[in-house]
Structures are given as C-alpha cells and as structure tokens.
Amino acid sequence: MNKLLITGGAGFIGSHVVRLFVTKYPHLKVYNLDALTYAGNLENLLDIENQPNYQFLHGDITDEGFLMQVFQEHAFDGVIHLAAESHVDRSISNPGAFVKTNVNGTVNLLNAAMSIWKDDFAGKRFYHVSTDEVYGSLGETGFFTETTAYDPQSPYSASKAASDHFVRAYANTYGFPAVITNCSNNYGPHQFPEKLLPLCIHNIKNNKPLPIYGKGENIRDWLFVEDHARAIDVVFHQGQLTATYNIGGVNEWKNIDIVRLLCDIMDRKLGNVQGTSQELITFVKDRAGHDMRYAIDASKIKNELGWEPSLQFEEGLEKTVDWYLENTDWLQNVTSGAYQAYYQKHYHA
Ligand code: NAD
Ligand code: DAU
C-alpha cells in the first residue's frame, strides 16, 4: 500500500493517528482530508506538517463531487475514516448536522472509494472508526461485545450506527474491503474542551464551575488516545476484512469519581491546597437521554491481534494534565471565539 487517506486528521484522535502513520511508515504517503470545523485544528499537527510523506487536503466529506475528484487524482489504496461530528450534546441541539456528516459523508466516502476500487479490491482497505455508543447503554453489569445488538440512544450514536450499517452493507453487497472498530471514551492531549476532561481542566484553571450532569453516577470506560491510535494501526494492518473489533480501556469510572481524581491532580500541579478544585464541582441538569454505562469487552482484539492498553490510567491522566498546562496557547486559541458562544448557550453560563 502506497497512499493512505485519513479523514478527520486535524481532530483529536485523527491527529494522533496521522502522527503515528507519518512517523512510523515513511514509505507511505499520508493524506489528511479535513474540513477544519470548530473541532479541526492544524495546530495539532505542527510537529509533522513538513514531513515529505504528509499532505493536507482541505475539504468536506459531504461534498460528493470533491471526494470523487480527490480519489481520481490521488488513487488512494487505503482509507482510515475518522471525520465526524463527535459531541453528543451538540447532536441533541442539532441532529441534522450529524446526519449530514456522519451518515451522508460516510456514504459519499464509500462511493468515492468504490468508484476507483470496484474493478479490483485486492490490496485495498477501508477502515471505519466508530464508537461503543452504537450499542446503547448498559446496566450495572455486562459488557459490549462485537455481537451486542445495536441500540443507539442519542442522535450522535444513531448517526454513527447508521454509518456502520452502510459500511457493512457495502461489504456484504459489493464485497467492499471494510473493517470497523468501536472504541470507548478517549482522553489525552488535543481533545477539544467541550468534552468532560478537557472542559474540567480548562475550568479548574479559570476557577469556573465544573458542570456534572445529573448525579455524576454515569460510567464511561476511558482509553488513552495514543493507545487507540496504536489499536487502529494494528487493525489496519492485521485485522480481518469485514470484521469488527471492540477497543476499550478496561477502565471504568463514574463521572463524579474521575472528576474528583482530576481535581486532586490539578491541585497538586497548580500548588493549590488539596480540595480547592473539588469545591468547583456543580451538579447541573442531566443530559437528555443520558446513557448510564458503557463498558467494552476488548478480548477479541487482544486474543486475535495482541493489542491491549499500554498506560495505567493515572499515568495517562497526569500526562494529559501536563500537556494542557504546558500548551496554554493551544487552549487559549480553541476557547476564544465560537467556543464562548457554545459554552454560554449550552451551560447558560
Ligand atoms: P473530533 O470532533 O475531535 O474531530 C473530528 C474531525 O473531523 C475534525 O478535525 C473535523 O474538522 C473533522 N470533520 C468534521 N466534519 C467534517 C466533514 N464534514 N468533512 C471533513 N472533515 C470533517 O472527533 P474525535 O473525538 O477525534 O473522533 C474521531 C472519530 O472517532 C469520530 O468518528 C468519532 O465518532 C470516533 N470516536 C471518538 C471517540 C472519543 O472518545 N472521542 C471514541 C470512539 C470513537
Ligand atoms: O464512548 C465513546 C464516545 O465518548 C465517543 O463516541 C464520543 O465522540 C465522545 O464525545 C464520548 O462521548 P461521551 O458523551 O461519553 O463524552 P463526554 O466527554 O461528552 O461526556 C463524558 C461523560 O461526562 C458523560 O456521561 C456526560 C458527562 N458530562 C459531560 C460534559 C461535557 C458531564 O457530566 N458534564 C459535562 O459538562
């Protein structure tokens, strides 16, 4: 394989995937196609942007004509598709944007790949990056496996589920060479501060309330973003075509407990008296339709491909906090402008 297209490479997870592939595979030409929405930021890739095997393509996956043109021009052999609207709260206030990018955009990408691959799928691969949220919500026990029935509960997860179904339908109907992974909550450097952990880091720094939805009892399974990027590398190169792999951290936390832990780390790093940041915790109105618990059974990827998380959670969280404290310009840049309007509207702050 010579030419790899990564969509959404200027976003949080995508930028870690681009960096890994550009540095690990110098023979591979990596194209990063991204619309640079509020969540896309080329500052995430400053360290690799001048590498000879990297090229940025500014464009929108909802533009079918543009996609057909770039596939004709560059004749990619592989695609790793991460571009998406990714925030559940935004999907509740504007579901249409999620259908447009996550469903229509994915189908456009499948069609563009089909247009140049259809006569010979040999050596081609389309990797669709999805989420554990397609499986719905768990009670106190049990785990999501690859055969758990889809039961999406939010507009975001419904749009991701629909995109997964289209990828599988193309594999089944046309023999299209696809693989899908469904991953749990990622955390780490470069995550946009609308998501729980970077939002709390930003608010602690600015002595602002930490908004916890409902009672903070909801549970998520957290994975360090570089471990997700490593899993994507493993599945891209060794995963079976048409298969699905679940990826997770085996690391479940109640929201209130993870925020308390984060407060303690922040107090230590900022030289505060322990307990100072916890005073900022504020319980607010719950997210509509809030999924109670996600937990991934990641035994298939471990047993078949030998992947497992490498970092202990506390170590990953320390690394994440250090990154945000050292990269104040990044945080400042992404939280000026449109972020303020979003924050005011969503949190009535
Ligand atoms: P993100 O919101 O940080 O980044 C999304 C990127 O996609 C941005 O760079 C944005 O500019 C780009 N994009 C959005 N709409 C586009 C369009 N129409 N055309 C081209 N580019 C567009 O998202 P993320 O958290 O990095 O998630 C990446 C992928 O991983 C998504 O598909 C998401 O569903 C999936 N995922 C995320 C998590 C998580 O915890 N963040 C977990 C599992 C799966
Ligand atoms: O599980 C994978 C998913 O994880 C990805 O597919 C999504 O793209 C990603 O955004 C993430 O979704 P969540 O909704 O779980 O992440 P978020 O950071 O928005 O919220 C984490 C938990 O914290 C969730 O239970 C809601 C809660 N929360 C969130 C915010 C933003 C709060 O209590 N307060 C907040 O202000």
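What comes next concerns the included structure. (Residues numbered from 1 in each chain as written. Chains lettered and ligands numbered in written order. Predicted model: local features only at pLDDT ≥ 70, side-chain atom pairs only at ≥ 80, totals over all residues. Heavy atoms only, no water.)

1. Regarding the site of ligand 1
Applicable threshold: For this purpose, a residue is taken to be near a molecule or strand whenever a single non-hydrogen atom of the residue falls within 4 Å of it. Polar contacts here mean pairs of N or O atoms no more than 3.5 Å apart (in protein, one a potential hydrogen donor and the other a potential acceptor; neighbouring residues in sequence count only if both atoms are side-chain atoms). With residues, only the protein chains shown are counted as cover, and all accessible areas are computed by Shrake-Rupley using a 1.4 Å probe. Here a helix means four or more residues in a row that DSSP labels H or I, a strand means two or more in a row labelled E, and each is numbered from the N terminus. In this count, Pro and Cys sit with the nonpolar residues alongside Ala, Val, Leu, Ile, Met, Phe, Trp and Tyr, while Asp, Glu, Lys and Arg are called charged and the others, Gly among them, polar.
In the vicinity of ligand 1 there are 29 residues, among which Asp34, Asp60, Ser86, Tyr156 and Lys160 approach most closely. Within the contact set of ligand 1, a nitrogen atom lies 3.1 Å away from a backbone nitrogen or oxygen of Ala35. A distance of 2.9 Å separates an oxygen atom of ligand 1 from a polar atom in the backbone of Asn186. Protein chains shield 96% of the accessible area of ligand 1, which is 840 Å² for the free molecule. Counting residues per element, the ones that place at least two in the shell around ligand 1 are helix 1 (12-24), strand 5 (125-131), helix 5 (155-174) and strand 7 (185-187). The class makeup of the residues in the shell around ligand 1 is 13 nonpolar, 13 polar and three charged.

2. Considerations on the pattern of salt bridges
When their charged atoms lie close together, side chains carrying opposite charge are able to pair. The test is simple: By convention in these notes, a salt bridge is any Lys or Arg side-chain nitrogen within 4 Å of a carboxyl oxygen on Asp or Glu. Think of it in three bands: with a 1.4 Å probe and only protein chains considered, a residue is buried below 20% of the maximum accessible area for its type, exposed above 50%, and partly exposed in between.
Using the criterion set out here, one finds 12 salt bridges in the structure. The salt bridge partner of Glu217 is Lys254, with a shortest N-O separation of 3.6 Å. Taken together, the positions of Glu217 in the loop between strand 8 (210-213) and strand 9 (219-224) and Lys254 in strand 11 (residues 252-254) put the pair 37 residues apart, joining distant regions of the chain. Assessed through its relative accessible area of 36%, Glu217 is described here as partly exposed. Look at Lys254 and you get partly exposed, because its relative accessible area is 31%. For Lys302, the salt bridge is made with Glu308, and the minimal N-O distance between the two is 3.6 Å. Assessed through its relative accessible area of 42%, Glu308 is described here as partly exposed. Each of Arg268, Lys269, Glu318 and Asp322 takes part in one network of salt bridges that share partners.

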